Amino acid sequence: MGTIAVVTEQPLDAPILGRPGEACGVFGIIGQDIEAARLTYFGLFALQHRGQESAGIAVSDGENLTVYKDLGLVAQVFDERTLGGLPGSLSIGHTRYSTTGSNSWENSQPTFRHIDTNGIALAHNGNLTNTASLASHDDPMAATTDSELMTEAIATAMSIDSLSLADALARVLPTFDGAFSLAVMDRTTLVGVRDPHGFRPLCLGKLDRSWIVASETAALDILGAGFVRQIAPGEMVVIDANGPVSLFPFEEASSNLCLFEFVYFARPDSTLLGATIHNTRQRMGRLLATQAPVDADITVPVPESGIPAAQGFAAVSGIPYMDGLVKNRYVGRTFIEPAQALRERGVRMKLNAMPGVIGGKRVVLVDDSIVRGSTTRQLVSMVREAGATEVHLRISSPPYKWPCFYGMDTGDRSTLLAADRSVEEIAKHLEVDSLVYLELENLIEATGAEADAFCTACLSGKYPTDVPTIDSKFLLERTP
Ligand code: AMP
């Protein structure tokens, strides 16, 4: 019998700065006589940066499959008591930022379906692009996210046609277009899958005799697990008591790993395409300094996303690196709504400029990206108030012009600062003395890979697949 355990606490408030969202984090582990849910908890802890809206763990002891999830951060959702109630040696977990559907308990993951004597749970990073054609708009019980839709289709194939989890996945997944890196389980099997384009990362790891799938290698490091390899685009790794077996159920497609993983998403201590992300970001800064030299006194990073690029910039330009901004590490979510006057000064909740460092200086301000521009604009004015005589903004990625349909919730085109503006217009809007973005070929050079390895859609407008014409993350939701 599959069971589902839930908590229904008060939903937490929205992120206070209203900035764009991040891709989700997925994790899965299978072993023998291990506390899989506890290990998953730590894996999710390392993947918290990929989604802060909800967290969840599914676990199986071979008999029962239990899901526990709620809105909030990993450390808010789980404690000793809840983890103690999740026994079993097979588990998956998820940290969510909503890319499809609103931020509600129902939309949190892992998703779950009961199937006769079995059950399945699924954790999804990415976003499907053919959701509209697959969804049932008549069924009041129908899924409200693309991940629910996938779970439903897999469960149907398992119950109606008595397929194993692996066979059901191999049959159903090729009908889905778009981005999906998945950790899926039933009572006895863990499956890690990447869509044929490999938009989102997924790696395979090993801890003693246990196998792990995870969005990023940082989730292996936290457990002291070894990195085995990246799961390939289009690969499905099926792991049970006999160990892993690889299947390739999809038609071959171009490889399109998200280039923005390198710019912003992935943790600096994760490795992708054989390089540590931190080093790749430093290289971006070095190339930016060569591409856009400037006469200035100090190089100041926007913490934390701009730090490695600023280090690279300072090393090549010779303009000393200074920490002129301090970040409050504990901001991200709050239970207390800031009063309106405070909210309007949103960025100050998160960052503070130090006049003692910045005052009287010509500042090169380095950040990884500008999406909507609201944070950056406030930041520039804060740096000026702290006494900077000039502000030269250097961004270690090209202008972000196009919406992402593959798992990054940056809103529609109208919200993107660079969508219809020239660099000069953006500089004027942000009130900076100069602005230079890293050129796309330099960004790709920094990764050390070839251009055809990536999805560059948000920067180039070149989408590797058909994309929906209705640009809405609420595509599946019913109107009341
Ligand atoms: P804004 O000026 O409002 O566009 O914010 C720029 C900041 O947003 C930069 O510091 C980036 O590191 C950060 N950023 C970039 N992409 C995302 C994302 N998908 N979610 C949250 N923040 C992001």
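Position labels on residues start from 1 in each chain and follow its written sequence. With pLDDT at 70 or above as the cut-off, local features in this predicted model cover only qualifying residues; side-chain atom pairs require 80 or more to be listed or tallied, and sums for whole chains, interfaces and linings still use all residues. Excluded from the side-chain calculation are hydrogens and water; included are all heavy atoms of the structure.

A. Representation of the packing of aromatic side chains. Between 30 and 60 degrees the pair is tilted, below 30 it is stacked and above 60 it is edge-to-face, where a pair is any two Phe, Tyr or Trp rings, Trp via its six-membered ring, whose centres lie within 6.5 Å. A complete count under the given rule lists 13 aromatic pairs for this structure. Ring centres 6.3 Å apart and planes at 80° place the aromatic pair Tyr-41 and Phe-78 in the edge-to-face group. Residue Tyr-41 is located in helix α1 (residues 36–46), and its partner Phe-78 is located in the loop between α2 (74–77) and α3 (80–84); the two are separated by 37 residues in the primary sequence. No difference in accessibility class separates Tyr-41 from Phe-78, as the two residues are buried. For the ring pair Phe-260 and Tyr-400, a centre distance of 5.2 Å and an interplane angle of 85° mean the geometry is edge-to-face. Placement of the pair is Phe-260 in helix α8 (residues 260–265) and Tyr-400 in the loop between β21 (390–395) and α14 (423–430), with a sequence separation of 140 residues. Using a 1.4 Å probe on the protein chains alone, a residue whose accessible area is under 20% of its type maximum counts as buried, one over 50% counts as exposed, and one in between counts as partly exposed. Of the residues examined, Phe-260 reaches a relative accessible area of 4% and is grouped as buried. In this structure Tyr-400 comes out as buried when scored by relative accessible area, which is 1%. Think of it this way: any DSSP run of H or I at least four residues long counts as a helix, any run of E at least two long counts as a strand, and we number them from the N terminus.

B. How the structure looks around the sheet that holds strand β12 (residues 236–240). Strand order in the open sheet made by the 6 strands is β5-β6-β7-β8-β12-β13, with antiparallel pairing throughout. Here the strands that pair on one side only, and so sit at the sheet edges, are β5 (111–115) and β13 (243–247). Strand after strand, the sheet turns through a mean of 15° between neighbouring axes, direction not considered. Where β5 meets strand β6 (residues 118–125), 5 bridges bridge the pair, whose relative direction is antiparallel. Residue pairing in the sheet places Phe-112 in a bridge with Ala-121 of β6. In what follows, residue pairs with any heavy atoms lying within 4.5 Å of each other are defined as contacts. Note on definitions: angles span 0 to 180 degrees between N-to-C directions of axes, and those axes are lines fitted to C-alpha atoms, for helices only across the stretch in contact. Across the face of the sheet, helix α5 (residues 146–160) comes into contact with β5, β6 and β7 (181–185) while running at roughly 150° to β6. Along the sheet, helix α6 (residues 165–172) makes contact with β6, β7, β8 (190–194) and β12, crossing β12 at roughly 170°. By definition, two strands form a pair when at least two bridges between them are found by DSSP.

C. Broad picture of α6. Of the positions making up α6, those classed as buried are Leu-165, Ala-166, Ala-168, Leu-169 and Val-172. Projected down its long axis, α6 carries its buried residues within an arc of 165°, all on one side. The arc in question is traced by the directions running from the helix axis to the C-beta atoms.

D. Region of interest: unusual backbone geometry. The omega torsion across Gln-109 and Pro-110 is 5°, close enough to zero to call that bond cis. Looking at where Pro-110 falls in the secondary structure, it is placed in the loop between β4 (90–96) and β5. Along the chain, Pro-303 connects to Glu-304 via a cis peptide bond; the corresponding omega equals -5°. Take Glu-304: it is sitting in the loop between β17 (298–301) and α10 (307–317).

E. Quick look at the packing of α5 against α6. α6 packs onto α5 with a crossing angle of 125° between their chain directions and a minimal axis gap of 9 Å. On the basis of the axis angle, α5 is oblique to α6. Crossing of α5 against α6: the hand is right-handed. Contact residues: α5 offers Ala-153, Ile-154, Ala-157 and Met-158, while α6 offers Leu-165, Ala-168, Leu-169 and Val-172. When residues are grouped by polarity, Ala, Val, Leu, Ile, Met, Phe, Trp, Tyr, Cys and Pro land in nonpolar, Asp, Glu, Lys and Arg in charged, and all others, Gly among them, in polar. Grouping the constituent residues of the contact of α5 with α6 by class yields 8 nonpolar, no polar and no charged. Here the angle decides the label: under 35 degrees means roughly parallel, over 145 means roughly antiparallel, 65 to 115 means roughly perpendicular, and every other value means oblique. Handedness of a crossing follows from how the near helix is turned relative to the far one, being left-handed for an anticlockwise turn of less than a right angle and right-handed for a clockwise one.

F. Region of the structure containing the sheet that holds β4. Pairing is antiparallel across the open sheet formed by 7 strands, whose spatial order is β3-β2-β4-β1-β10-β9-β11. Pairing within the sheet leaves two strands with one partner each, and these edge strands are β3 (65–71) and β11 (226–230). Averaged over neighbouring strand pairs, the angle between their axes works out to 15° when direction is ignored. Where strand β9 (residues 203–207) and strand β10 (residues 210–214) come together, 5 bridges link them in antiparallel fashion. Counterpart to Gly-205 in the pairing with β10 is Ile-212. With respect to the sheet, α1 is in contact with β1 (25–30), β2 (54–60), β4 and β9, its orientation differing from that of β4 by roughly 25°.

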